[in-house]
Amino acid sequence: MQPKKIDCHTHIITREISREYFSRTEGWALVMQFLPRFCGGGVQDDSLATVLADKRLFFCPAIDLTRPIPPQLRDVEALLPCGKVVGLKIFLTYQAGRADDEKMMDIYAFAHKHRLTVTFHTGSCSLVMPTDNDMEGSRARYIANAAERFPDVNFVAAHMDDPRFEECMRIVDGHDNIYTDFSGAYEPGTHEGADMEWAIETFAAAMRPYPDIYRKVLYGTDFCPPINLSAIEEYETTIDRIFPREQHADIYLNNCLRAFPRLADLVG
């Protein structure tokens, strides 16, 4: 029997995407808001209204590192009474910066105050989105520095810091408040997208040295068909191949509830 699922990382930013997603799978999903620079042409972000319209969706507003941060945090604070905000999203690599930059500390203090989880894009970017391509700035090692300064805030290094998988898993294993996922892996045009067997073995090899790492890995898809991220079943196959059945409830559900304490109040 398939356990209940929380997709920790999607870009279900319109109602059309929401309809497509839930026509193919069940459960809850966290929606990572897009930055304004990502929108235009065929990509539009109506994520807040989409989340508010569906009890299965929860919201992680994006913090734009090119704009003053305190006013953005005030805007997020004004949204908290809606009961849908469970975290914040920071698009490292796409925007130049490091998780341990001093300007980030206000974000983490805010997250601590409101029990919000901070998700970072780490590593390689979408093949079709505009990016500063600051690969060095998005390293998980800088997230570790932030996590050590804010031990009561949970952090997610999304995408396993692709392709720095082994370094990422070592850091995740060494920090109680850092989690990861392999969402977004199966984008057409990537090595993972072209060779799922290679991807599964690569992810498994990075995790293998850490017997309890299954408690720190989240299920996520990065679902957003307008930017060629349509895979769902591939992630279920990957989980089936890497993790024994008795660990699936943690991967699909329990880890996300641990990683996102505000979400746990709503669906736990």
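Scroll up to find the structure this text is about.
As the structure is a computational prediction, the values presented were derived from the model and not from experiment.

Rules and cut-offs
- Along each chain, the written sequence defines residue order, and numbers are assigned to residues from 1.
- This being a predicted model, a pLDDT of at least 70 is required before a residue's local features are given, and a value of 80 or more before pairs of side-chain atoms are given or counted; all residues contribute to the totals for chains, interfaces and linings.
- The basis for every side-chain value is the complete set of heavy atoms in the structure, and neither hydrogens nor water enter the calculation.
- Two strands form a pair only when DSSP identifies at least two bridges running between them.
- To qualify as a helix, a DSSP run of H or I must reach at least 4 residues; to qualify as a strand, a run of E must reach at least 2; elements of each kind are numbered from the N terminus.
- Any pair of residues with heavy atoms lying within 4.5 Å of one another is described as a contacting pair.
- Axes, fitted as lines to C-alpha atoms, cover a helix only where it is in contact. Angles between the N-to-C directions of the axes lie from 0 to 180 degrees.
- Relative accessibility thresholds used throughout: buried, under 20% of the residue-type maximum; exposed, over 50%; partly exposed, between the two (1.4 Å probe, protein chains only).
- Viewed with both strands pointing away, a crossover whose connecting path from the first strand over the helix to the second turns clockwise is right-handed.
- Charge convention: Lys and Arg are scored as positive, Asp and Glu as negative, and His as well as the terminal groups of each chain are ignored.
- Here a salt bridge means any side-chain nitrogen of Lys or Arg lying within 4 Å of a carboxyl oxygen belonging to Asp or Glu.
- Polar contacts, as used here, are pairs of N or O atoms within 3.5 Å; protein pairs need one atom able to donate a hydrogen and one able to accept it. Residues neighboring in sequence count only if both atoms are side-chain atoms.
- The definition of a nonpolar core used throughout is a set of buried Ala, Val, Leu, Ile, Met, Phe, Trp, Tyr and Cys residues joined through side-chain atoms within 4.5 Å.
- Think of it this way: a Phe, Tyr or Trp ring, Trp meaning its six-membered ring, pairs with another when their centres are within 6.5 Å, and the plane angle makes it stacked under 30 degrees, edge-to-face over 60, tilted otherwise.
- The criterion is that NZ of a Lys, or CZ of an Arg, lies within 6 Å of the ring centre and within 35 degrees of the ring normal, and then a charge sits over that ring.

Colleague: Tell me about the sheet that holds strand β6 (residues 117-121), and name the residues and values.
Modeller: Pairing in this open sheet of 6 strands is parallel, and the strands run β4-β5-β6-β7-β8-β9 from one edge to the other. Of all strands in the sheet, those with a lone pairing partner are β4 (62-63) and β9 (217-218), marking the two edges. Here 2 bridges tie β4 to strand β5 (residues 87-90), and the two strands are oriented parallel to one another. Among the inter-strand pairings, A62 is bridged to a residue of β5, identified as K89. Lying on the sheet, helix α6 (residues 165-173) is in contact with β7 (155-158), β8 (178-181) and β9; it crosses β8 at an angle near 145 degrees.

Colleague: Describe the pairing of β6, and please don't skip the residues or the numbers.
Modeller: Along any regular strand the residues' side chains alternate between the sheet's two faces. In terms of burial, β6 is a largely internal element, 5 of the 5 residues being buried. What you see with β6 is no split at all: T117, T119 and H121 on one side and V118 and F120 on the other are buried throughout. The pairing of β5 with β6 spans 4 bridges and is parallel. Residue pairing across strands places K89 opposite T119, the latter belonging to β6. Viewed along the sheet, the connection from β5 through helix α4 (residues 105-114) into β6 turns out right-handed. Sheet topology places β6 next to β7; 4 bridges connect them, and they run parallel. Paired with T119 across the bridge in β7 is V156. Handedness of the crossover joining β6 and β7 through helix α5 (residues 140-149) is recorded here as right-handed.

Colleague: Can you break down the side chain of D7 residue by residue, with the values?
Modeller: In this fold, D7 is placed in strand β1 (residues 6-10). Buried charged residue D7 carries no salt bridge. Nearest counter-charge: K5, at 7.4 Å. Among the polar contacts made by the side chain of D7, one reaches the main-chain amide nitrogen of H9 at a distance of 3.2 Å. Residues within four places of D7 in sequence aside, it is in contact with Y21, W28, A29, L30, Y219, G220 and T221.

Colleague: Can you break down the nonpolar core residue by residue, with the values?
Modeller: Side chains of nonpolar character tend, in soluble globular proteins, to be buried together. By size, the foremost hydrophobic cluster in this structure holds 82 residues, and its most contacted members are Y108, F155, F203 and M207. Every residue in contact with F155, bar those within four places of it in the chain, is listed here: Y108, T117, V118, F120, I143, A146, A147, F150, N177, I178 and Y179.

Colleague: Go over the packing of aromatic side chains with me, naming the residues and quoting the values.
Modeller: Per the stated rule, a full pass over the model turns up 15 aromatic pairs. Between the aromatic rings of Y21 and F22, the centroid separation amounts to 5.0 Å while the plane-to-plane angle is 90 degrees, which identifies the pairing as edge-to-face. For the pair Y21 and F22, one class covers both residues: buried. Taking the centre distance of 6.3 Å and the plane angle of 70 degrees together, the rings of Y108 and F120 count as edge-to-face. You can see Y108 sitting in helix α4 and its partner F120 sitting in strand β6, a full 12 residues away along the chain. Across the pair, exposure class does not vary: Y108 and F120 are buried alike. An aromatic cluster is defined as three or more aromatic residues linked by ring pairs; in this entry it consists of F165, F182, Y186, F203 and Y235. R56 extends its terminal NZ or CZ atom over the ring of F22, reaching a point 3.7 Å from the ring centre.

Colleague: Break down unusual backbone geometry for me, citing the residues and quoting the values.
Modeller: Looking along the chain, the bond that leaves D162 and enters P163 is cis, with omega of 5 degrees. Relative to the helices and strands, P163 is located in the loop between β7 and α6. Despite not being glycine, N133 shows a phi value in the positive range, around 55 degrees. Relative to the helices and strands, N133 resides in the loop between β6 and α5.

Colleague: Can you tell me about the sheet that holds β1, naming the residues and giving the values?
Modeller: Sheet architecture is open: 3 strands sit in the order β1-β2-β3, paired in parallel fashion. Edge positions in the sheet fall to β1 and β3 (57-60), since each of these pairs with one other strand and no more. Put simply, the sheet's adjacent strands are angled 20 degrees from each other on average, direction ignored. Bridging between β1 and strand β2 (residues 28-32) involves 3 bridges; their strand directions are parallel. In the strand pairing of β2, T10 is matched with V31. Of the strands in this sheet, β1 and β2 are in contact with helix α10 (residues 248-259), which crosses β1 at around 70 degrees.

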